[in-house]
Amino acid sequence: MNNKNIFTANLKFLLVGIIFGIVFVKAEIISWFRIQEMFKLQSFHMYGVIGSAVFVGLISVLIIKKFNIKTLNGEEIIFSKKVFNKGQVFGGLLFGLGWGITGACPGPLFAQIGSGVTVILVTLLAAIAGTWVYGKFKDKLPH
Amino acid sequence: MLEIISKPWPWYVAGPLIGLTVPVLLIIGNKSFGISSSLRHICASCIPSNIPFFNYEWKKEIWNLFFVLGIFIGGVIATFFLSNPNEMVIAPELVKELQTYGITNFEGLMPYQLFSWESLFTVRGFIMIVIGGFLVGFGTRYAGGCTSGHAIMGLSTLQWPSLVATICFMIGGFVMVNFILPFILKL
């Protein structure tokens, strides 16, 4: 594919991302304060967001499977299976620590930068560095 | 209409919209919802450094980079065209506690006294902006996903490894916010 085709083929994902980013900001999911409230059990907001998102996702997946819904191109929808390894525990705990400090998972980082908090670019670069260091030492870590 | 959109959206509007991303991505492109992979694709495209983990055809996953670019643009649109005219409502206990750490500015979605370029060059700011970010990137890749890939996509497809990951995310966050962060905020 040439560059123009790559752009048009992926435009739909850009649009879904834009809507997603708007929801992130408008529901204050990107707010550091909301994440603090969640982990201090001072507000129901984030539990409601995550819980209802999982609920709607779950029902949607059931419907797709039950009625064998295909993609727009008529392909079979593929669900990739997650295989358990210790990374989900160690990595999960480490990400949780980072989430508690920055108040952001990877998605909200991009929206925080968009919302004008430009210093979060540094947080994003640090997250990219963290990903790189994981890739570099992957074989030495317990899995 | 614009007035309604400008107000903060309640969880029962935002949550289902986020949940709908799962079927939308599957139906428009057979893509599994996940955001932290974008960080891996950025490594693979910019700094692969002969590391096997970054040696794959990242161009096939480029949709993910379009998706996160969209999140950035959505952040711009929501902030500069649909922003909430009123101050954010924050739990009074949290406001009171943060004031004891010298955080007095509660304008905007982020505390600027912690997340700003001036703050970056303080010990407290450096830990929160740089070390925090590093943990997010390292941890999500080690865990094989983040809140979107595990908590939402993984739980929606009833995968128990994702439940383990999600529980660990929550434990990490609880420990940080309640037991470690108070010491960092005092710096």
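It should be emphasised that the depicted structure is a prediction, and the values quoted were computed from it without experimental measurement.

Analysis parameters
- Residues numbered from 1 in each chain as written.
- Chains lettered and ligands numbered in written order.
- Predicted model: local features only at pLDDT ≥ 70, side-chain atom pairs only at ≥ 80, totals over all residues.
- Helix = DSSP H or I, 4+ residues; strand = E, 2+ residues; numbered from the N terminus.
- Rg over C-alpha atoms; globule rule 2.2 N^0.38 Å.
- Buried ≥ 20, exposed ≤ 12 C-beta atoms within 10 Å, placed from the backbone.
- Contact = placed C-beta atoms within 7 Å.
- Expected span 1.5 Å × (residues − 1).
- Bend = angle between axes of the 7 residues up to and from the residue.
- Core = buried A, V, L, I, M, F, W, Y, C linked by C-beta atoms within 7 Å.
- Axes fitted to C-alpha atoms, helices over the stretch in contact; angles between N-to-C directions.
- Parallel < 35°, antiparallel > 145°, perpendicular 65-115°, else oblique.
- Left-handed = near helix turned anticlockwise from the far one by under 90°.
- Nonpolar A, V, L, I, M, F, W, Y, C, P; charged D, E, K, R; others polar.
- pLDDT = per-residue confidence, 0-100.

Describe in detail the overall build of chain A, supporting the description with residues and values.
Check the secondary structure of chain A and you find six helices and zero strands. When the helices and strands of chain A are listed from N to C terminus, the series reads α-α-α-α-α-α. What you see for chain A is a C-alpha radius of gyration of 18 Å, clearly larger than the 15 Å of a compact globule of 143 residues, by over 25%. Principal axes of the C-alpha set define a box for chain A whose edges measure 45 × 40 × 35 Å. The burial tally for chain A puts 52% of its 143 residues in the buried class. The contacts of chain A with a sequence gap of at least 6 include a subset with a gap of at least 24, amounting to 45%.

Give a detailed account of the overall build of chain B, specifying residues and quantitative values.
What chain B contains, in helices and strands, is nine helices and zero strands. What you see in chain B, going N to C, is helices and strands ordered as α-α-α-α-α-α-α-α-α. Principal-axis analysis of the C-alpha atoms places the extent of chain B at approximately 50 × 45 × 30 Å. The buried share of chain B, reckoned over its 187 residues, is 45%.

Talk me through helix α6 (residues 120–137) of chain A; I want residue IDs and the actual numbers.
Under the 1.5 Å per step criterion, the end-to-end length of α6 of chain A is 26 Å for 18 residues, consistent within 8% with the ideal 26 Å. Of the surrounding elements, those touching the buried residues of α6 of chain A are α4 (87–102) and α5 (106–114) of chain A together with α3 (37–46) and α7 (123–143) of chain B.

Go over helix α2 (residues 11–29) of chain B with me, naming the residues and quoting the values.
If you check α2 of chain B, its first and last C-alpha atoms are 27 Å apart, about what 19 residues at 1.5 Å a residue would give, namely 27 Å. Most pronounced at P23 of chain B, the bend in α2 of chain B amounts to some 25 degrees. Within α2 of chain B the residues assigned to the buried category are W11, A14, G15, L17, I18, G19, T21, V22, P23, L25 and L26 of chain B. Those residues of α2 of chain B that are buried lie in contact with α1 (3–26) and α3 (45–66) of chain A together with α8 (147–156) of chain B. Count one or two residues on from α2 of chain B and you reach N30 of chain B, which has phi positive near 60 degrees.

Pulling in residues and values, what's your account of the interface of chain B and chain A?
At the interface, 105 residues of chain B touch 103 residues of chain A. Breaking the side of chain B that touches chain A down by element, the ones donating at least two residues are α2, α3, α4 (62–81), α5 (92–99), α6 (117–120), α7, α8 and α9 (160–186) of chain B.

Any details on the nonpolar core? Residues and values, ideally.
Where a protein is soluble and globular, its nonpolar side chains tend to be buried together. F24 and V49 of chain A together with A14 and I152 of chain B are the most contacted members of the largest nonpolar core, which totals 89 residues. When neighbours within four sequence positions are excluded, I152 of chain B is seen to be in contact with A53, V54 and G57 of chain A together with I18, G19, V22, F33 and T147 of chain B.

Now, about the environment of T123 of chain A: what can you tell me, with residues and values included?
Looking at the element boundaries, T123 of chain A is found in helix α6. The buried category is assigned to T123 of chain A, around which 29 C-beta atoms lie within 10 Å. Considered as a pair, T123 of chain A and L109 of chain A are 14 residues apart in the sequence and their alpha carbons are 7.7 Å apart. Excluding its chain neighbours within four sequence positions, the residues that come into contact with T123 of chain A are T102 and L109 of chain A together with I129, G132 and G133 of chain B.

Could you give an account of the packing of α7 of chain B against α9 of chain B, naming the residues involved and the relevant values?
For any two helices packed against each other, the geometry comes down to the angle between their axes and how far apart the axes lie. Residues and elements named next belong to chain B. Orientation of α7 relative to α9, taken along the N-to-C sense of each, is 165 degrees, at an axis distance of 13 Å. Between α7 and α9, the interaxial angle falls into the category roughly antiparallel. For the pair α7 and α9, the sense of crossing is right-handed. Every residue of α9 that contacts α7 at R124, I127, M128 and A143 is listed here: A165, I184 and L185. Split into classes, the residues belonging to the contact of α7 with α9 amount to six nonpolar, no polar and one charged.

Please set out unusual backbone geometry residue by residue, giving values where relevant.
Residue and element names in this part refer to chain B. Positive phi is not limited to glycine here, since S49 has a value of about 50 degrees. In this structure, N50 takes a positive phi of about 60 degrees despite not being glycine. Take N50: it is sitting in the loop between α3 and α4. Residue class for N50 comes out exposed when judged on the 6 C-beta atoms lying within 10 Å of it.

Please set out the environment of S38 of chain B residue by residue, giving values where relevant.
Along the polypeptide, S38 of chain B turns up in helix α3. Spatially, the C-alpha atom of S38 of chain B lies 18 Å from that of I18 of chain B, the residues being 20 residues apart in sequence. Those residues in contact with S38 of chain B, other than ones at most four positions away along the chain, are P106 of chain A together with N64, L65 and V68 of chain B.

Can you break down the confidence of the model for chain B residue by residue, with the values?
The predicted coordinates should not be examined in detail at positions where pLDDT is low. Here chain B averages 96 in pLDDT, and 100% of its residues register 70 or above. The complex prediction reports pTM at 0.96, with the ipTM value standing at 0.96.

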